Protein chains: 2
Amino acid sequence: MLDNSSNKTEQQILEAAYRVFQKKGRAGARMQEIADEAGINKSMLHYYFRNKDSLFRKIFMQSIAEFLGSVIPMLNNVETTWQEKISDFIAHYNTFLTKRPDLPLFVMNEINQHPDEFFNQLQIENILMHTVFFNQLSAAAERGEIRTIHPIQVFVTMLSNIVFPFIAAPIIKKVAAFTDSNWEHFMEDRVRITKEIIINYLEKV
Amino acid sequence: MLDNSSNKTEQQILEAAYRVFQKKGRAGARMQEIADEAGINKSMLHYYFRNKDSLFRKIFMQSIAEFLGSVIPMLNNVETTWQEKISDFIAHYNTFLTKRPDLPLFVMNEINQHPDEFFNQLQIENILMHTVFFNQLSAAAERGEIRTIHPIQVFVTMLSNIVFPFIAAPIIKKVAAFTDSNWEHFMEDRVRITKEIIINYLEKV
DNA sequence: GTCTATATACGGATAGAC
DNA sequence: GTCTATCCGTATATAGAC
């Protein structure tokens, strides 16, 4: 699931750390809790990973890789239309986040807290702007098929409508008095509405 | 700005705590840093507020009140149409968050971390569902003027499209290589697009 | 009310036996 | 590699003088 590490204990630590860090955050996480979660001794953590910070960085970079890796390839698929990409992206991302509901808040937090540390290690300037998806949108706009709009606005709209509900899930559930089944249904609707709302808007030239 | 507290020192503490907690989070914040920021001694913090936790709770509840108080009245305005409410809400919220960019992440974090503590203190079940705005949407749908859609979906769409960009601001700025002026322009566009996208969708029966 | 000094607790990290 | 015991820095909290 997480890594191709050789050792079984190391693997257990990574998975435990993944859970604890995502739930409690970098500052809130406790080495003791990670050890307990992994079913091992506290000092083992220091044996495998030098200290809390280096363990955290490992987990964080894995999380980022998940976050990006599940998404970027889809935007560079040369065999789908931009409409299909929007549809695929939204559906796929929703499925992904259903399995990792804590990931967005975890990643956003850390980037806000230590932006330099993050941006120094990861070159993301050109990761989006030159995707097939962005080119398709620009071309379609130039042909007058869709509104003229900065592709980044389209992308942020997709992201916002799917990611934010996961971030605000506890509030939404409470405000709307949702059961788990209500919530599932709500997110199914959300996926459909988000697709419709964006494609609908773009195509109304 | 923050509270109607009598004492000047108390006021300085509250404002300092507000900044530090929002920036560093509950676990990451340091009493020393709050004291420095307030220009006072560390032990003063304990004199005015018993301990870190009670100080935090005070700040958090104020933040929540800001968050809600700036929004709910607008949805209960009996003199505006639902279209105007959508427009007002989005514009106002954007202005508000421009001044308090750290608020959403701060609030979401805390609610995710200690949901019970929060929900026990604040009754929010009925805060939205019976607003004038929701009634207007339901009525319009019944008259066949707009699509039939759960009002909560409309609300979450509004919120998502404006709040999420603030949460993801560092990433967006980096990915799109935005200057500050670019960012401002981007958010102006976002406000306009968000309004259009929602009203456009609803009215296309 | 405000300060200095200090107690106390906690959590990360290390030493060293096995 | 894994454990127990322990160290030590840091952060919260309190005591007590002024």
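Residues numbered from 1 in each chain as written. Chains lettered and ligands numbered in written order. Predicted model: local features only at pLDDT ≥ 70, side-chain atom pairs only at ≥ 80, totals over all residues. Heavy atoms only, no water.

### Describing the packing of aromatic side chains
The tally for this structure, following the rule as stated, stands at 30 aromatic pairs over all chains. Consider the rings of A:Tyr93 and A:Phe96, whose centres lie 6.2 Å apart with planes at 25°: the pair is stacked. With A:Tyr93 and A:Phe96 both in helix α6 (residues 82–99), this residue pair falls three residues apart, about one helical turn. A:Phe96 matches A:Tyr93 in its accessibility class, with the two residues each being buried. Plain terms: the ring middles of B:Tyr47 and B:Tyr48 are 5.2 Å apart, the flat faces sit at 90° to each other, and that makes the pair edge-to-face. (Phe/Tyr/Trp six-rings, centres within 6.5 Å; stacked < 30°, edge-to-face > 60°. Helix = DSSP H or I, 4+ residues; strand = E, 2+ residues; numbered from the N terminus. Buried < 20%, exposed > 50% of the residue type's maximum accessible area, 1.4 Å probe, protein only.)

### So, the relation of the copies chain B and chain A
Rotating chain B by 180° and moving it 0.0 Å along the rotation axis overlays it on chain A with an RMSD of 0.1 Å. In the structure described here, the two chain copies are related by an operation that fits a two-fold rotation axis. (Least-squares fit on C-alpha atoms with pLDDT ≥ 70 in both.)

### Some remarks on the interface of chain B and chain A
Contacts between chain B and chain A engage 46 residues on the former and 46 residues on the latter. Between chain B and chain A the total buried area reaches about 4,600 Å² when both faces are included, carbon and sulfur atoms providing 67% of it. Between A:Glu196 and B:Arg147 there is a salt bridge; the shortest N-O distance is 3.7 Å. Counting across the chain B and chain A interface gives 16 residue pairs in polar contact (both at pLDDT 80 or more). Residue assignment for the side of chain B that touches chain A shows that the elements contributing at least two residues are α1 (8–28), α7 (103–113), α9 (126–129), α11 (151–167), α12 (169–175) and α13 (180–203) of chain B. (Contact = heavy atoms within 4.5 Å. Buried area = accessible area lost by both parts, 1.4 Å probe. Salt bridge = Lys/Arg side-chain N within 4 Å of Asp/Glu carboxyl O. Polar contact = N/O pair within 3.5 Å; in protein donor to acceptor, adjacent residues only side chain to side chain.)

### Structural notes on the protein's contact with DNA strand C
Within the structure, DNA strand C sits among 15 residues, and A:Met31, A:Asn51, A:Lys52, B:Asn41 and B:Tyr48 are positioned closest to it. Counting only the atoms of DNA strand C that lie within 4 Å of the protein, the sugar and phosphate share comes to 57%. For DNA strand C, a phosphate oxygen lies 3.5 Å from a polar atom in the backbone of A:Ala29. One of the backbone nitrogen or oxygen atoms of A:Lys52 is found 2.8 Å away from a phosphate oxygen of DNA strand C. Counting residues per element, the ones that place at least two in the surface near DNA strand C are α3 (42–48) of chain A together with α3 (42–48) of chain B. Per-element accounting of the surface near DNA strand C gives the leading share, four residues, to α3(B). Its residues assigned to classes, the surface near DNA strand C shows five nonpolar, seven polar and three charged. (Near = heavy atom within 4 Å. Nonpolar A, V, L, I, M, F, W, Y, C, P; charged D, E, K, R; others polar.)

### Quick look at the domain arrangement of chain A
All names here are of chain A. Under the domain assignment used here, chain A contains domain 1 (8–59) and domain 2 (70–203). If you average the C-alpha positions of domain 1 and of domain 2, the two centres end up 30 Å apart. Taken together, the contact between domain 1 and domain 2 spans seven residues of the former and eight residues of the latter. Counting each side, the surface lost to burial between domain 1 and domain 2 is near 680 Å², with a carbon and sulfur contribution of 55%. On the surface where domain 1 and domain 2 come into contact, there are three salt bridges. In this structure, the salt-bridge partner of Glu 117 is Arg 26, at a minimum N-O distance of 3.5 Å. Joining domain 1 to domain 2, the criterion identifies three residue pairs in polar contact (both at pLDDT 80 or more). Among the secondary structure elements, those contributing two or more residues to the side of domain 1 that touches domain 2 are α1 (8–28) and α4 (52–69). No other element matches the four residues that α1 contributes to the side of domain 1 that touches domain 2. (Domains from an automatic or database assignment.)

### Points about the protein's contact with DNA strand D
Taken together, the neighbourhood of DNA strand D is formed by 15 residues, with A:Thr9, A:Asn41, A:Tyr48, B:Lys42 and B:Lys52 sitting nearest. Put simply, 60% of the atoms of DNA strand D that lie within 4 Å of the protein are in sugar or phosphate. A:Thr9 has a polar side-chain atom sitting 3.1 Å from a phosphate oxygen of DNA strand D. Contact between DNA strand D and B:Lys52: a phosphate oxygen at 2.8 Å from a main-chain N or O atom of the residue. Mapped onto the surface near DNA strand D, the elements with two or more residues apiece are α3 of chain A together with α3 of chain B.

### Remarks on unusual backbone geometry
Residues and elements named next belong to chain A. For Ala 177, which is not glycine, the phi dihedral falls at a positive 55°. Examined against the element boundaries, Ala 177 turns out to sit in the loop between α12 (169–175) and α13 (180–203). Given the relative accessible area of 55%, Ala 177 is considered exposed.

### Observations regarding α7(B)
Judged by how many residues are buried, α7(B) sits mostly within the fold: nine of 11 residues are covered. Residues of α7(B) that are buried include every one of B:Leu103, B:Pro104, B:Leu105, B:Phe106, B:Val107, B:Met108, B:Asn109, B:Glu110 and B:Ile111, and no others.

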